[in-house]
Amino acid sequence: MAQDHDEVENGFNSSRNDDGHHHHDKKDKNEGEGGKEAEEFSVERAFDGKEVPSWRKQLTIRAFVVSFVLSVLFTFIVMKLNLTTGIIPSLNVSAGLLGFFFVKTWTKFLENSRILRQPFTRQENTVIQTCVVASSGIAFSGGFGSYLLGMSDRIAIQSEDTNLGYKNLSLTWIIGFLFVVSFLGLFSVVPLRKIMIIDFKLTYPSGTATAYLINSFHTTAGAKLAKKQVRTLGKFFSFSFLWGFFQWFFTAGDNCGFVSFPTFGLKAYEYRFYFDFSAIYVGVGMICPYIINISVLLGGILSWGLMWPLIEKRKGDWYSADLSPTSLQGLQGYKVFISIALILGDGLYNFCKVLSRTLVGLFYQNSSPETAKLSYDDQRRTRLFLKDQIPTWFAISGYVAIAIVSIIVLPHIFHQLKWYHVLVIYLFAPTLAFCNAYGCGLTDWSLASTYGKLAIFTIGAWAGSSHGGVLAGLAACGVMMNIVSTASDLTQDFKTGYLTLASPRSMFVSQVIGTAIGCIVSPCVFWLFYKAFDDLGVPGSEYAAPFAMVYRNMAKLGVEGFSALPKNCLLLCYVLFGAAIVINLIRDSIRKEWARFIPLPMAMAIPFYLGPYFAIDMCVGSLLLFIWEKIDKAKADAFGPAVASGLICGDGIWSLPSSILALAKVQPPMCMKFLSRRTNARVDKFLGF
């Protein structure tokens, strides 16, 4: 899953999130390294006696039933992460593992009933994993925590710019919008699959790691380990779910419960330094690389521990003392725009880096003839990969047909977005989709959200403030993000299919079906959250959706320029923008053993707006994994991702019953709250004690 976790929002999703948003997890890395060693002994010889099913037989009903169930599960998880902090780890391992478990359970039941017709193959496992990741990926690229929510009246009111336009959210037009824009990227890279996978031999680290994982499941030893991993995942899933249920009983008011536990004292809590007992972010911390977690914590200390308290002392000088806490003319403006500066600095640097690597890679690819002799594995994989062709005319006609529909339909959904805006996006989209897919193959970073920001500024400025530039920019961001995100995802899936002998046709069909499932499931899950939690998108709430505010204000900057910034904010933005570029330059110019200690600016930017509380959760997860690795590294490598996935899945799924309880107006019975001694004394005096 390439979550452009560019914002780490884009994520720290392997291959799906951009500015670092798609970092594959530790398990992926270990599997990838182990896989390369195993390659010397030939992976495919271990499967010599097993027939490779035709592409139609790889697409089974049971595979898509399991995919649908897992899609709902992972959509809830991604949606909760999206609407809380925007940090989304790679869920490829969880999808592959749970897909294996569900179908194995299914086939065992059918074997006992003597009605099993087809054995479970690694190709079918790959189809499930592809479908689930494609579906849950829409929860990210659909912009429910960023550009889409940024269009709403809730965010417009907080940004104090309702005059610039907003769009009332509706389930109907959201589903229609996603169906119109989510499939174009799939057709844009289909003609390039042979060039990417066979000619250029791009690595696609996450796709490769996932393939080795799936291959290992289908060996005797791997199947035994997978069963133990699933058992471990189940235990921690149950613990995490029950822990979320237990916490709910103490949240009968604002700032109540364990999520508001002032771990380091009330003054530290005021600046959002506390451990909030969130199982989901402890799990995220166990999956994300150590440097990500440390970077997020450093960003929280720099902003909430140093910068904001100092700027607060300038109240009445730098900004008016009479402003509300949420006014962008006050302290809130510094939080939003300085975090935007860091994100844009990091995004610009990585865009240039990946683009330059892409161009250099293409140059050397064309100038150096291929002389290496193919191994047995490569010969077999190449033969089967080229066997089931997807006609180029099909891809081109599909792209043109969807583009024509989009050009007609999108201006009816967003009146501010004109047909010629959409046409220009679609003329450039195939080139940008190729760049993103190629860069993702080299670096495992999908820059989808960076391309989305590019669309915000260009289309927003083109439309102008008098013609709804803010909404036009946000809508254009959605169009661009969906194209380049799905393009890199599909190419990543082609790599996984190449290594597991899954047909490109079955990969394409699975991606299309997964995308269609996501276009329905993701909006429905979002709508559940949106209707259940009235404070969704409000700073400081459980579902603050920080990137909604960030994206809207990026669009506002593109339309209005810097006139809306508070005093000295622009200077600080320049400093942080430059710092992001310098830090990245230092990371890339020193030796790797030292570079791993340099923080990532994109990760540092997240707590600038939200606060460092979730960074503490993530660092607790990192610390637990670190201690476990010191005690028993082999066991930590084998079961760490399963424990992390269990914690993430359990807490993520608890959001479903908690949403239903909120919709049904069922209130928790108690409020656990912490007061200072002085406040407590005043309360006692008031009550007459």
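Residues numbered from 1 in each chain as written. Predicted model: local features only at pLDDT ≥ 70, side-chain atom pairs only at ≥ 80, totals over all residues. Heavy atoms only, no water.

(A) The overall build of the chain, seen in detail. Summing up its helical and strand segments, the chain has 29 helices and two strands in all. By the burial criterion, 61% of the 689 residues in the chain qualify as buried. Considering only contacts in the chain between residues 6 or more positions apart, those separated by 24 or more positions represent 80%. A total accessible area of about 27200 Å² is found for the chain, and carbon and sulfur atoms account for 65% of it. (Helix = DSSP H or I, 4+ residues; strand = E, 2+ residues; numbered from the N terminus. Buried < 20%, exposed > 50% of the residue type's maximum accessible area, 1.4 Å probe, protein only. Contact = heavy atoms within 4.5 Å. Areas by Shrake-Rupley, 256 points an atom, 1.4 Å probe, with all protein chains shown as cover.)

(B) Structural view of unusual backbone geometry. Phi at Asn568 takes a positive value of approximately 65°, unusual for a residue other than glycine. The residue Lys665 is not glycine, and still its phi comes out positive at about 60°. A relative accessible area of 62% places Lys665 in the exposed class.

(C) Spatial organisation of the confidence of the model for the chain. When pLDDT is averaged along the chain, the result is 83, and 89% of the positions lie at 70 or above. Across residues 1–40, confidence stays below pLDDT 50; counting only partners more than four residues off in sequence or on other chains, it has 234 contacts. (pLDDT = per-residue confidence, 0-100.)

(D) Region of interest: a positive patch on the surface. Taken together, the side chains of Lys50, Lys104, Lys108, Lys224, Lys227, Lys228, Arg231, Lys235 and Lys635 make up a positively charged region of the molecular surface. Of all elements in the fold, only helix H4 (92–113) and helix H12 (220–248) reach the threshold of two or more residues within the positive patch. With five residues, the top contributor of residues to the positive patch is H12. Tracing the backbone shows Lys224 in helix H12. (Patch = residues over 30% accessible without salt bridge, like charges linked within 9 Å, V, L, I, M, F, W, Y side chains within 5 Å. Salt bridge = Lys/Arg side-chain N within 4 Å of Asp/Glu carboxyl O. Lys, Arg positive; Asp, Glu negative; His and termini not counted. Charge placed at Lys NZ, Arg CZ, Asp CG, Glu CD.)

(E) The arrangement of the packing of aromatic side chains in detail. Tallied over the full model, the rule gives 44 aromatic pairs. With a centroid separation of 6.1 Å and 55° between ring planes, the pair formed by Tyr281 and Phe614 is classed as tilted. Highlighted residues: Tyr281 in helix H14 (residues 279–287) and Phe614 in helix H27 (residues 613–631), separated in sequence by 333 residues. Judged on exposure class, the residue Tyr281 and its partner Phe614 are both buried. Aromatic ring contacts, followed pair by pair, group Trp243, Phe246, Phe250, Phe258, Phe261, Phe275, Phe277 and Phe674 into a single cluster. Geometry around Tyr376 places Arg45 over its ring, the cationic atom sitting 4.0 Å from the centre. The ring of Phe47 carries Arg122 above its face, with NZ or CZ at 3.8 Å from the centroid. (Phe/Tyr/Trp six-rings, centres within 6.5 Å; stacked < 30°, edge-to-face > 60°. Lys NZ or Arg CZ within 6 Å of the ring centre and 35° of its normal.)

(F) Spatial organisation of the environment of Phe241. Take Phe241: it is sitting in helix H12. Judged by relative accessible area, Phe241 falls into the partly exposed class, the value being 25%. Sequence-wise, Phe241 and Ala279 are 38 residues apart; in three dimensions their C-alpha atoms are separated by 8.9 Å. Non-local contacts of Phe241, meaning those with residues more than four positions away in its chain, are made with Gly650, Asp651, Ile653, Trp654 and Pro657.

(G) Region of interest: the pattern of salt bridges. If you walk through the whole model with that rule in mind, you get 13 salt bridges. The partner of Glu44 in a salt bridge is Arg122, with the nearest N and O atoms 2.6 Å apart. Of the two residues, Glu44 is situated in the loop between helix H1 (26–39) and helix H2 (55–58) and Arg122 in helix H5 (residues 122–141); the sequence distance between them amounts to 78 residues. Assigned by exposure class, Glu44 and Arg122 land together as buried. Residue Asp588 pairs with Lys353 through a salt bridge whose shortest N-O separation is 3.4 Å. On the criterion of sequence distance, the pair formed by Asp588 in helix H24 (residues 569–589) and Lys353 in helix H16 (residues 331–367) is long-range, its members being 235 residues apart. Judged by relative accessible area, which is 37%, Asp588 ranks as partly exposed. Overall, Lys353 belongs to the buried group, its relative accessible area being 17%.

(H) Molecular detail of a negative patch on the surface. On the surface, Asp254, Asp534, Asp535 and Glu542 cluster together to form a negatively charged patch. For Asp534, the location among the structural elements is in the loop between helix H22 (504–532) and helix H23 (546–560). A residue is classified by how much of its surface remains accessible, and Asp534, at 59% relative accessible area, is exposed.

(I) Quick peek at the environment of Leu344. In this fold, Leu344 is placed in helix H16. Taking the relative accessible area as the measure of exposure, Leu344 reaches 22% and is therefore partly exposed. Taking the C-alpha atoms as reference points, Leu344 and Ala605, 261 residues apart in sequence, are found 10.0 Å from one another. Beyond its immediate sequence surroundings of up to four residues, Leu344 is in contact with Lys453, Phe457, Met554 and Phe577.

(J) Seen up close, the side chain of Arg552. Here Arg552 shows up in helix H23. Overall, Arg552 belongs to the buried group, its relative accessible area being 0%. A distance of 3.0 Å separates polar atoms of two side chains, one belonging to Arg552 and the other to Asp161. Engagement of the side chain of Arg552 in a polar contact is seen with the backbone oxygen of Gly165, the distance being 2.5 Å. Each residue touching Arg552, except ones within four places of it in the same chain, is listed here: Gly150, Met151, Ile155, Ala156, Ser159, Asp161, Leu164, Gly165, Val470 and Leu474. (Polar contact = N/O pair within 3.5 Å; in protein donor to acceptor, adjacent residues only side chain to side chain.)

(K) Representation of the state of the cysteines. Following the criterion strictly, the structure yields one disulfide and no others. Free of any disulfide, Cys569 has its nearest neighbouring cysteine sulfur in Cys573, separated by 4.0 Å. (Disulfide = S-S within 2.5 Å.)

(L) Spotlight on the side chain of Thr84. In this fold, Thr84 is placed in helix H3 (residues 61–84). The class of Thr84 is buried, set by a relative accessible area of 8%. At a separation of 2.7 Å, a polar atom in the side chain of Thr84 contacts the main-chain carbonyl oxygen of Lys80. A distance of 3.2 Å separates a polar atom in the side chain of Thr84 from the backbone oxygen of Leu81. If we ignore the near neighbours within four places in the chain, the residues touching Thr84 are Tyr281, Glu542, Tyr543, Ala544, Ala545, Pro546 and Leu610.

(M) Quick look at the environment of Lys267. Along the polypeptide, Lys267 turns up in helix H13 (residues 266–270). For the pair Lys267 and Ser676, spaced 409 residues apart in sequence, the C-alpha separation works out to 9.6 Å.

(N) Quick peek at H12. If you check H12, its first and last C-alpha atoms are 43 Å apart, about what 29 residues at 1.5 Å a residue would give, namely 42 Å. Burial in H12 covers these residues: Gly222, Ala223, Ala226, Gln229, Val230, Thr232, Leu233, Ser240, Gly244, Gln247 and Trp248. (Expected span 1.5 Å × (residues − 1).)

(O) Layout of the packing of helix H8 (residues 171–181) against helix H21 (residues 469–500). Running from N to C, H8 and H21 point in directions that differ by 45°, and their axes come no closer than 9 Å. The angle between H8 and H21 falls in the class oblique. Considering how the two elements wind past one another, H8 and H21 form a crossing that is right-handed. Here Phe177, Leu178 and Val181 of H8 lie close against H21, whose contacting residues are Ala475, Gly478, Val479, Asn482 and Ile483. Broken down by class, the residue content of the contact of H8 with H21 amounts to six nonpolar, two polar and no charged. (Axes fitted to C-alpha atoms, helices over the stretch in contact; angles between N-to-C directions. Parallel < 35°, antiparallel > 145°, perpendicular 65-115°, else oblique. Left-handed = near helix turned anticlockwise from the far one by under 90°. Nonpolar A, V, L, I, M, F, W, Y, C, P; charged D, E, K, R; others polar.)

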